[in-house]
Structure formats: C-alpha cells, structure tokens
Amino acid sequence: DRQKYIRNFSIIAHIDHGKSTLADRLIEKTGLLTQREMKDQILDSMDLERERGITIKLQTTRLVYKAVDGHEYMLNLIDTPGHVDFTYEVSRSLAACEGAVLVVDATQGVEAQTLANVHLADEQGLEIVPVLNKIDLPSARPEEIIEEIEEVVGILAEDAPRISARDGINIEDVLEKIVKSIPAPNGDEDAPLKALIFDSYYDSYKGAVAYVRIVEGSVKKGDKILMMAANKRFEVTEVGVFVPGTMPLDVLSAGDVGYITASIKNVIDCRVGDTITFASRPTAKALPGYKKATSMVFCGIYPAEGESYDEVRDALEKLQLNDAALSFEPETSVALGFGFRCGFLGLLHLEIIEQRLEREFDLDIIATAPSVIYRVTTTSDEVQMIQNPSNLPDPTEIQMFEEPIVEARIIVPNEYVGNIMELCQNRRGVMLHMDYLDPRRVILHYDMPLNEVIYDFFDAIKSKTRGYGSLDYEFKEYRESDLVKMDILLNKELIDAFSMIVHRTKAESRGRQICERLKDVIPRQMFMIPIQAAIGNKIIARESISALRKDVLAKCYGGDISRKKKLLEKQKEGKKRMRQFGNVEVPQQAFLSVLKFD
Ligand code: GDP
Ligand code: MG
C-alpha cells in the first residue's frame, strides 16, 4: 500500500554541525530543484535566521527519492530549530515523524544539544539514524566519534554514513538509511480524519494555513472539518504539500505531511497541537497535543512613541499563531503607558520576537528588562508568582522569596574548564559533578539560577571557550534566595521599566554597570542628568550625563544650511526610536543593551 513508501523524518543536530547544509543536499539529490535553483540554505528562509545562522521556525518539504530497491519513496523532511531556547519547537516537529537523522560533526563530536535532541526524539519513540558529517575536514575523527556516540548517546553507530554535506559526499547513504531504518507510517486510511496541527502561519489570502500530519483517514477540498480543542467548524478550501512552497493536491491521506486551508480568519482557531477531524464523523479521541510551552522569561513590550497599541496587539496575535511559546497579556507601566507582558522561552526568543515585530510588522517597540518568574510567599502565607518586578510586594510583607533553578549541562574541551568554572561561580552556580566525555572533553553539571542564565550566559560560554563550549539546561526547582528589587532613577525619576530583581550580592555591581551603560547610550542634553540605582531609598550606584556645552550647539546652528538640515533630519530619524521620560529622552536600544553582562 501507499504508506509503505512514505517516510516522515526530522534532522536533529547541535548547532553548526551541518543540519541545514544536509537538508539542502537532500533536496538537491532528490531532484526536486536544479542546482541553479538551489539558493543557499533553502530551509532557513527567514532573513533573521540567515543572519544569525540558526533555524527558528520549522519548515517542511517533500522529497521524492528513487531508492536502490527500485521504488519511489516520498520523504517528508521537517526542519527543527537548533538553539537551546527552542527545545519546545523541536519536540513539536518530532511529533509529526517516525524517525530522526542525527547529524554529528566528525571533528567536534557529541555536544550538549546533541544529547538534548536525542532525548526529545527518544521521548517521541522515534528511530534515530546517526550520520557523521564533515568528513572532508582533515581534523575529522569519525571512528572516535562513532565510539563516543555509542557510549554517550547510547545508540548503535557503527554503520552510520560518513558524509560531507558541504561537498555532497555519501548523501545517498543517508537517503538509503532513511528508507531502510525509519518505519513507514501505518495509520488507518478508512478511519475518520485525525490530523495533528504541528505548525501554522497566516496568509492574507488563504487565512490560517495549518501544517498537518494526517494520522488517520483522509481529507480533501470541500470536507467539513472540526478543530477539536477550539471547537470550531470550517470547510476545507485547499489541501497540499510543501515543495518547499505550497503545492495543492486532491487529497491528503494517513501518513502524509502537508497543509490544510479553510478560510480560517481568526488565527486563534488554528492552534498548534490541536486535532482536526470531520465535523459530521468525528474521531473518537483527540491526539494528545503538546504540553503547553512554559515561558521562562518575561518582559514588557510597549509601543514606541507614536505607535499604536492595537497594532502591537495584532502583531503579537499573528506571531503567536505559529509560536505557541509566546504568551502575552495587557499591562501598564507608569513610565511607558499601555503595553503587554510577554513570556518567552529565553532571551534569544525574546530578541527574535522583538526583531520580527520591527521587521515584519514595521513596528517600533520598547522591550523592558527581562525577568524570570519569582515565587513570593507573603507574611499572610499567600503565594504569588511574580513576572513583573513592579508587582513585587513591599519587602516587609515578604516571608520567603524564591527563584527558579535550572540544571545546566556544559560541554567544554579540557583547557577551558577553569574559565567555565569561574564563569558559573560568578553566576551563582553550584557544581553537581563533572565527567570526562572523551580524553579531551568534559561535561559539567551545574545548578544555576535561571536569572543568571538569561542574561547572555550562552554567549559568555561561547566567548570563554573560543566557541567550543556548548550548553543545555532545563528547569529543576524553586529555591529560596536573598533577592532584592533594584530600581533605576533618571533625573531623580523612577523608571519602572528598568526595575529588576537581583541577588543582593550582585545588586551593587549590576547597578553600577547599568548606570554606566545608560550613561553611554543616552544622548547629552541641555542639562545635567543624574542616573542612579537604588534598593528602596538607598542609592547603591550613580553616574551623571553632563550637559551639552553651548559652543557645540552654536557650531551646529551656524550658517551652513545644508548641514543644519542634515542634522535636523538625523534628529528626526533618531526621535522615532526615543522615549521621553519627564524631560529626558532615552533611545529604545537602551532597554536591551543595558542588560548584557560580562
Ligand atoms: P546547522 O546549524 O546544523 O544548520 O549547520 P549548517 O548547515 O548551517 O552548517 C554550519 C557550518 O558548517 C556552515 O558554515 C557549513 O558550511 C559548514 N558545513 C556543513 N557541512 C559541512 C561539511 O560537510 N564539511 C565542511 N567542511 N563544512 C560543513
Ligand atoms: Mg541551520
């Protein structure tokens, strides 16, 4: 039957081990596109991704492969993100597959994200197909790395294809492995429709486009469908597959991966994780769906001067459609007015959402200091989860103040162990244990406060290991901690958007750092501006921005008209990204830039 010739798989890898390059090679080898049509890294389509070299949104594409056994196979490749922030999206895409190709760089070996991804694939019960990449490099050690995979990952890797994704060496071996090792889907084609929505996006003509894995039954244009969790009914307007653009087909059946459109205007009705079935002949039970992604990091997002609150809300709703890990609710700030408290998977996720709002929706926004969720028990025994430092009860009413702790696994070459231990200690980490992975590398296990991890910990590890260190972490527990709320005052005025919760021992140095950064990013004005960091009424750090000297201005306002015009234009341009506090103008970039430590 037809399902015998379908394979649904993802490629998983530690970042930079060659997942995107291999995906491109597979697309090329299956003859879907000609070499000329192959753009660099087809699957990483978002601009942001290309700049950062990471995969953010999942992409899906169908490959047609004529195997050695003479049969033509339909391979559905579902891309997964490779960054520690996006574990949740990885498990989402894996739920639509039967197998995963595990790419390991033969010069680097097993890394933190290799282990994390294998763990996720295991949880979904997937067949894992190991592949050794970059064998073209002289420093490749395929035999050693195979041993490492068997020992550390715990899967057989002896006959893993040794490939070069870059040079296109042994790519057919990978395709043959996919066909031979990954099980075919085997859903009942005659049962009522049961389809899993594993991603979606909004198209202004077609409405919400649902990426689906058909688990049972089949679906075609004109079918009346029911979104089981949303409890909404629609009529199917189109079904098809990704090649990687959309290509309409007559029907999608059990085992297929493709898309469904149904003039779904309200993005909320096409929720990732929901099950689609027939309205008149529903399946008995919905698929388990996804655990709700838990946001780990929160911050306020506010429209910049002159932007509309409604437009920001609209944009957030659209982004949320295919990014269920993004959460938001309205909040108000004394300094910034009406905005939203948003939840993210991590700091990178936050930055990406911020940039997408600016680029894709052309919105100027201000993001406030990110914060984790603290647990506060008041003196009246009430437990409060605090996402926003401004909502913290008065210190005299706090009985117990707890913060989230994560267990971090950091893999580094021997020579950087000292650097990393120092870094972790500075970030209040507690070492659990340290093991040798192979003679050259160790894996360090640490308990770390999440609020130390969200501020650039990943980048700090990279910079202290010349890029060789890798990190993975997961939530462990809440633990009591000596925390305080630190406020920032500009020109004696408290700016609530800058308030943050810090460990008492860190308050002074962080306060000083923030004052210094603000001093650098806030332009000088006609008057002197004091910048202060305070805990309650106590000032713990201060800086000041001196006033502009008169003669500087005089020069600008001299006779040269064109120069004056240019200056005014420049000021206008800058204005857009400024925010007025009392009579002090703060550039938008100040809000995130002050938060990078080390
Ligand atoms: P991803 O982060 O796993 O998607 O990794 P990429 O596919 O973006 O590859 C990361 C880097 O490794 C890029 O600079 C690639 O050109 C390079 N690369 C990928 N595969 C190979 C390979 O087989 N040999 C060599 N020498 N470089 C490779
Ligand atoms: Mg990639």
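- If you look the chain up in an unreviewed UniProt entry, it shows as Elongation factor 4 from Fusibacter paucivorans.
- The UniProt entry for the chain carries the following comment under Sequence similarities (unreviewed entry): "Belongs to the TRAFAC class translation factor GTPase superfamily. Classic translation factor GTPase family. LepA subfamily."
- What the UniProt record of the chain gives under Catalytic activity (unreviewed entry) is the line "GTP + H2O = GDP + phosphate + H(+)".

### Re the overall build of the chain
Then, in step 1: Secondary structure summary: the chain contains 15 helices and 32 strands in total.
Then, in step 2: Residues classed as buried in the chain amount to 56% of the 598 residues present.
Then, in step 3: If you take every contact in the chain between residues at least 6 apart in sequence, the share linking residues at least 24 apart comes to 70%.
Then, in step 4: Summed over all atoms, the accessible surface of the chain reaches about 26,100 Å², with 48% contributed by carbon and sulfur.

### Let's talk about the sheet that holds strand S5 (residues 127–133)
Then, in step 1: Ordered in space as S2-S3-S1-S4-S5, the five strands form an open sheet in which the pairing is mixed. Looking at strand neighbours, the two that pair on one side only are strand S2 (60–66) and S5, the edges of this open sheet. Between one strand and the next, the sheet's axes are offset by a mean angle of 30°, whatever the strand orientation.
Then, in step 2: The sheet strands contacting helix H5 (residues 142–153) are strand S4 (99–105) and S5, and the helix crosses S5 at an angle near 155°.

### Remarks on the UniProt feature "binding site: GTP" (unreviewed entry) in the chain
Then, in step 1: Mapped onto this numbering, the UniProt entry gives "binding site: GTP" (unreviewed entry) at Asp-16, His-17, Gly-18, Lys-19, Ser-20, Thr-21, Asn-133, Lys-134, Ile-135 and Asp-136.
Then, in step 2: Locating Gly-18 in the fold gives a position in the loop between strand S1 (6–13) and helix H1 (19–29).
Then, in step 3: A residue is classified by how much of its surface remains accessible, and Gly-18, at 11% relative accessible area, is buried.
Then, in step 4: When residues no more than four places from it in sequence are discounted, the contact partners of Gly-18 are Val-103, Asn-133 and Ala-165.
Then, in step 5: Following the sequence through the fold, Ile-135 ends up in the loop between S5 and H5.
Then, in step 6: Judged by its relative accessible area of 25%, Ile-135 is partly exposed.
Then, in step 7: In this view, Ile-135 contacts Ala-140, Arg-162, Ile-163, Ser-164 and Ile-169; residues no more than four positions away in its chain are not counted.

### A few points about the packing of aromatic side chains
Then, in step 1: Summed over all chains, the structure comprises 10 aromatic pairs.
Then, in step 2: Residues Tyr-211 and Phe-242 carry aromatic rings whose centres are separated by 4.4 Å and whose planes lie at 20° to one another, so their mutual orientation is stacked. One end of the pair, Tyr-211, is in strand S7 (residues 207–216); the other, Phe-242, is in strand S11 (residues 238–242), and 31 residues separate them in sequence. Each member of the pair, Tyr-211 as well as Phe-242, is classed as buried.
Then, in step 3: Judged by centre distance (5.8 Å) and plane angle (85°), the rings of Phe-328 and Phe-340 are edge-to-face. Linking Phe-328 in strand S17 (residues 327–333) with Phe-340 in strand S18 (residues 337–344), this pair joins segments that are 12 residues apart in sequence.

### Comments concerning the site of ligand 1
Then, in step 1: In the region of ligand 1, 16 residues are neighbours, and Asp-16, Lys-19, Ser-20, Thr-21 and Asp-136 sit closest.
Then, in step 2: Within the contact set of ligand 1, an oxygen atom lies 3.1 Å away from a side-chain nitrogen or oxygen of Lys-134.
Then, in step 3: The dominant element in the shell around ligand 1, judged by the number of residues it contributes, is H1, at three residues.
Then, in step 4: Of the residues belonging to the shell around ligand 1, the class tally is three nonpolar, eight polar and five charged.

### Observations concerning the pattern of salt bridges
Then, in step 1: Inspection of every chain in the model, using the stated rule, returns 37 salt bridges.
Then, in step 2: A salt bridge links Lys-232 to Asp-269; its shortest N-O distance comes to 3.1 Å. Pair noted here: Lys-232 is in strand S10 (residues 232–235) and Asp-269 is in the loop between strand S14 (257–261) and strand S15 (275–278), with a separation of 37 residues, a long-range link.
Then, in step 3: Look at the salt bridges and you will find they share partners, linking Glu-403, Arg-428, Glu-452, Lys-506 and Arg-510 into a network.

### Re the sheet that holds S11
The pairing of strands in a sheet happens through backbone hydrogen bonds and is either parallel or antiparallel.
Then, in step 1: The strand order S10-S9-S15-S6-S7-S14-S11-S12 describes an open sheet built from eight strands, whose pairing is antiparallel. Looking at strand neighbours, the two that pair on one side only are S10 and strand S12 (246–249), the edges of this open sheet. Sheet twist, expressed as the average angle between the axes of neighbouring strands with direction ignored, equals 40°.
Then, in step 2: Two strands pair when backbone bridges link them, and S11 and S12 are joined in this way by four bridges, in the antiparallel orientation. Note that in S12 the partner of Gly-240 across the bridge is Pro-248.

### Looking at the pairing of strand S26 (residues 483–490)
Here is the key point about a regular strand: its side chains alternate between the two faces of the sheet.
Then, in step 1: When you tally the buried positions in S26, you get seven out of eight residues, the bulk of the element.
Then, in step 2: Two strands pair when backbone bridges link them, and S26 and strand S28 (residues 500–503) are joined in this way by four bridges, in the antiparallel orientation. Considered in S28, the bridge of Met-486 is made with Met-500.
Then, in step 3: As paired elements, S26 and strand S29 (residues 529–535) share four bridges and run antiparallel to each other. Across the sheet, the residue bridging to Ile-488 is Ala-533, located in S29.
Then, in step 4: As paired elements, S26 and strand S27 (residues 493–494) share two bridges and run antiparallel to each other.

### Considering a nonpolar patch on the surface
Then, in step 1: Together, Met-431, Met-434 and Tyr-436 line one region of the surface with nonpolar side chains, adding up to about 300 Å² of accessible area.
Then, in step 2: Here Met-434 shows up in strand S23 (residues 430–438).

### Topic: the nonpolar core
Then, in step 1: Formed by 82 residues in total, the largest nonpolar core has its most connected members in Ile-301, Leu-357, Ile-410, Phe-457, Leu-490 and Leu-518.
Then, in step 2: A per-element tally of this core places strand S22 (residues 398–413) first, with six residues.
Then, in step 3: Filtering out sequence-adjacent residues up to four positions away, Leu-490 remains in contact with Ile-495, Ile-522, Ile-529, Pro-530, Ile-531, Phe-581, Val-584 and Val-586.
Then, in step 4: In terms of nonpolar packing, the next biggest core, distinct from the first, is built from 30 residues, Ile-78, Ile-155, Tyr-211 and Val-257 among them.

### Brief notes about the environment of Leu-392
Then, in step 1: As for its placement among the helices and strands, Leu-392 is situated in the loop between strand S21 (383–386) and S22.
Then, in step 2: Relative accessible area serves as the criterion here: at 16%, Leu-392 is assigned to the buried category.
Then, in step 3: For the pair Leu-392 and Val-484, spaced 92 residues apart in sequence, the C-alpha to C-alpha distance is 9.8 Å.
Then, in step 4: With residues near it in sequence (within four places) discarded, Leu-392 still touches Val-376, Ile-386, Ile-398, Phe-401, Lys-485 and Ile-501.

Parameters and conventions
- Residues numbered from 1 in each chain as written.
- Chains lettered and ligands numbered in written order.
- Predicted model: local features only at pLDDT ≥ 70, side-chain atom pairs only at ≥ 80, totals over all residues.
- Heavy atoms only, no water.
- UniProt positions renumbered as here; feature names shortened; annotations may be inferred.
- Helix = DSSP H or I, 4+ residues; strand = E, 2+ residues; numbered from the N terminus.
- Buried < 20%, exposed > 50% of the residue type's maximum accessible area, 1.4 Å probe, protein only.
- Contact = heavy atoms within 4.5 Å.
- Areas by Shrake-Rupley, 256 points an atom, 1.4 Å probe, with all protein chains shown as cover.
- Pairing = 2+ DSSP bridges.
- Axes fitted to C-alpha atoms, helices over the stretch in contact; angles between N-to-C directions.
- Phe/Tyr/Trp six-rings, centres within 6.5 Å; stacked < 30°, edge-to-face > 60°.
- Near = heavy atom within 4 Å.
- Polar contact = N/O pair within 3.5 Å; in protein donor to acceptor, adjacent residues only side chain to side chain.
- Nonpolar A, V, L, I, M, F, W, Y, C, P; charged D, E, K, R; others polar.
- Salt bridge = Lys/Arg side-chain N within 4 Å of Asp/Glu carboxyl O.
- Patch = residues over 30% accessible without salt bridge, like charges linked within 9 Å, V, L, I, M, F, W, Y side chains within 5 Å.
- Core = buried A, V, L, I, M, F, W, Y, C linked by side-chain atoms within 4.5 Å.

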